[in-house]
Structure formats: structure tokens, C-alpha cells
Amino acid sequence: MSAKMSSKELKSIFEKYAAREGDPNQLSKDELTLLIQTEFPSLLKGPSTLEDLFKELDKNGDGEVSFEEFQVVLKKVSQ
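This one's a predicted model, so the numbers in the text were calculated from it and none came from an experiment.

A.B. asks: If you had to explain the overall build of the protein chain to someone new, which residues and values would you point to?
C.D. replies: When you go through the protein chain residue by residue, the secondary structure sums to 4 helices and 2 strands. Going from N to C terminus, the protein chain has its helices and strands arranged as α-β-α-α-β-α. Residues counted as buried form 37% of the 79 residues belonging to the protein chain. Of the contacts made within the protein chain by residues no fewer than 6 positions apart, 49% connect residues no fewer than 24 positions apart.

A.B. asks: Give a detailed account of the side chain of Ser 66, specifying residues and quantitative values.
C.D. replies: Relative to the helices and strands, Ser 66 is located in strand S2 (residues 65-66). A relative accessible area of 12% places Ser 66 in the buried class. For Ser 66, the residues in contact, after removing those within four places along its chain, are Phe 14, Asn 25 and Gln 26.

A.B. asks: Quick rundown of the nonpolar core? Include the residues and the values.
C.D. replies: Residues Leu 27, Leu 32, Leu 35, Ile 36, Phe 40, Val 65 and Phe 70 are the most contacted members of the largest nonpolar core, which totals 19 residues. For this core, the secondary-structure elements that each account for two or more residues are helix H1 (7-18), helix H2 (29-39), helix H3 (50-57) and helix H4 (67-77). Per-element tally for this core: the top contributor is H1, with 5 residues. Excluding residues that lie within four positions of it along the chain, Val 65 makes contacts with Phe 14, Asn 25, Gln 26, Leu 27, Leu 32, Phe 54, Leu 57, Asp 58 and Phe 70.

A.B. asks: Explain the pattern of salt bridges to me, using residue names and the numbers behind them.
C.D. replies: For the structure shown, the criterion picks out 3 salt bridges. In this structure, Lys 16 and Glu 39 form a salt bridge, with 3.3 Å as the shortest nitrogen-oxygen distance. Taken together, the residues Lys 16 in helix H1 and Glu 39 in helix H2 connect sequence positions 23 residues apart. A relative accessible area of 8% means that Glu 39 is categorised as buried. A salt bridge links Lys 29 to Glu 51; its shortest N-O distance comes to 2.7 Å. In this pair, Lys 29 is assigned in helix H2 and Glu 51 in helix H3, connecting sequence segments 22 residues apart. Note on Lys 29: relative accessible area 35%, which makes it partly exposed.

What counts as what
Residues numbered from 1 in each chain as written. Predicted model: local features only at pLDDT ≥ 70, side-chain atom pairs only at ≥ 80, totals over all residues. Heavy atoms only, no water. Helix = DSSP H or I, 4+ residues; strand = E, 2+ residues; numbered from the N terminus. Buried < 20%, exposed > 50% of the residue type's maximum accessible area, 1.4 Å probe, protein only. Contact = heavy atoms within 4.5 Å. Core = buried A, V, L, I, M, F, W, Y, C linked by side-chain atoms within 4.5 Å. Salt bridge = Lys/Arg side-chain N within 4 Å of Asp/Glu carboxyl O.

Structure, rendered in C-alpha cells:
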């Protein structure tokens, strides 16, 4: 993945993985894990784990990640 992504590209990636199970507008922990491992493996380098990333993204604590919460990834990817 390129270092700079548009919001539209990020939304497309989000939708591709969110549609795999359950609510197509939310990423489950398994969907987020697959998405990060496949599309953004560089986010897993360093001290942060998938569990840490999920907790960071799941701002409202509902156990799923909405697109709005997921956009935090865009900031990490573009740094």
C-alpha cells in the first residue's frame, strides 16, 4: 500500500473487509485483523499489537470498528 491514501481508497478497503461477516458498516476484530495483516502490515511493526490497535480504534467500546474509527489508520499510514 502506498504511504498516502485518499479517503475514498480507505473507504473501499474498509468496505471490502467489513462485508465479510455481520454488519457491513463495522469491522469485527477478526475482520480488522485480516485487513491490517493484508493491507497495512507495517502498522504491526514496533511495540503495538493488533489488540492494542483494536482498542485504540474502537473508541466507543462496542467491540467493532466503524469507518469513522477506522480513519485513525489513515493518520498512522500517512505519518
